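# A look at the structure
Each chain, letter by letter, is given below.
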Amino acid sequence: LGSSAQKSRGVSRVIYGDDGRLDTYQLDEFDTALGRSTVQVLQGFGILTEHSDGTFTAERVRTAKDMWSFCPDERFADQLIMDANAFCSGFLITSKWIGTAAHCALADEEDYLIVFGFELTSESETRLEFSADDVYKVDKIVAVGTPGGKLNDYGILQLDRKVVGYKPYTKINHQTLIGDPLTLIGYPTGLPKKTDKSGQVTVNAPLILRGTVDSYGGNSGSPVFDHNGLLVGILVGGSDDFVDDGHWCKSSNICPDRDSGEKPSEGSGCEELGEYIVPICVLIESSEEVAAEINIDCQGEQPETVFTYDYSNSSVLTASILMFLCLALV
């Protein structure tokens, strides 16, 4: 599940080795572009204040330390979180559909608020003002798989109108291999957008993947990409994310990096094989209606391309250009 006032099964996430999460202002153009069409999936009312010109402001905010009892030295403890009842992540899969986890798609349509661009623009500035094109409501739950944090935990939310200014993720990788690098982009514990590029595939099965991405409650529904920016799957569950340090506050659960060769200790709450990721083709092929609307081929060969997703609203860089540049520098 996503983060909520009372955490439920499936929400738990964790750090593997070193914490690889980065804020948007710390990213290069490629990774900034890759994360543009991710969303925060919020539940609650009065989360944003709407103004007469159609813009929105997040006026009800709290620090992570105040909302979740983070320890003072916990990373991001002083960052702001919008005051919602529950938090998940998601991504644009068509012009009106948001892909997410099944356990993030169980509320009534009117409970949802979908927000693009909640992120840090500098070390000290959090984006709290949004245009009308950044904020959407949900008018239909299109699909809900099995909300258990593992197999078939996918969901699709239909927005109240077509999205303007953001492009759907249309290029996928359905043929990952053990050891392939993974990138996770989402909103852990409701924090501003975080990108983690430190993961790798540990299990590669047709119906479920495992990977050592750094994630938390609130990352449920986050898109997971390969190193080329191709969509691999949906983050849905994993290890315990926080531990009680004995001072009535929460610290991240640090699990061994798989490359270290160290095994998780008994009772640590660590999953040796990492987090659970539903392959994107499980969502795409969940029904004939969904497959026809998304219209992405899950059977063909993989494109030999690298995509950055339109950070300028005008262009997409192709692999041929990027690979040429990389080779020229070698």
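Moving on, we come to unusual backbone geometry. If you check the backbone angles, S69 has positive phi at about 60 degrees while not being a glycine. Mapped onto the fold, S69 is located in the loop between helix 2 (64–68) and strand 8 (80–82). The exposure class of S69 is partly exposed, given its relative accessible area of 36%.

Our next topic: the pattern of salt bridges. Throughout the structure, instances matching the rule amount to eight salt bridges. A salt bridge links D134 to R127; the nearest nitrogen and oxygen atoms lie 2.4 Å apart. For R127, a relative accessible area of 23% translates into the label partly exposed. When salt bridges with common partners are traced through the structure, they connect R60, R62 and D83 into a single cluster.

Okay, the environment of G233 next. Among the secondary structure elements, G233 is positioned in strand 20 (residues 231–237). Exposure remark for G233: the relative accessible area of 0% places this residue in the buried category. Considering only alpha carbons, one finds G233 and C281, 48 residues apart in sequence, at a separation of 7.8 Å. With residues up to four places along the chain from it excluded, the contact list for G233 reads S222, P223, V224, I277, V278, P279 and I280.

Moving on, we come to the sheet that holds strand 5 (residues 49–50). Overall, antiparallel pairing links the three strands, which are arranged 5-6-12 in an open sheet. The sheet is open, and its two edges are formed by strand 5 and strand 12 (129–130), each paired on a single side.

Another aspect to go through is the packing of aromatic side chains. In this structure the tally under the stated criterion is five aromatic pairs. Taken together through their ring pairs, the aromatic side chains of F91, Y169 and F225 make up a single cluster. The ring of F76 carries K194 above its face, with NZ or CZ at 4.6 Å from the centroid. The ring of Y276 carries the charged tip of R210 above its face, separated from the ring centre by 3.8 Å.

Quick notes on the rules
- Residues numbered from 1 in each chain as written.
- Predicted model: local features only at pLDDT ≥ 70, side-chain atom pairs only at ≥ 80, totals over all residues.
- Heavy atoms only, no water.
- Helix = DSSP H or I, 4+ residues; strand = E, 2+ residues; numbered from the N terminus.
- Buried < 20%, exposed > 50% of the residue type's maximum accessible area, 1.4 Å probe, protein only.
- Salt bridge = Lys/Arg side-chain N within 4 Å of Asp/Glu carboxyl O.
- Contact = heavy atoms within 4.5 Å.
- Pairing = 2+ DSSP bridges.
- Phe/Tyr/Trp six-rings, centres within 6.5 Å; stacked < 30°, edge-to-face > 60°.
- Lys NZ or Arg CZ within 6 Å of the ring centre and 35° of its normal.

Don't take any of this as a statement about function, it's just geometry.
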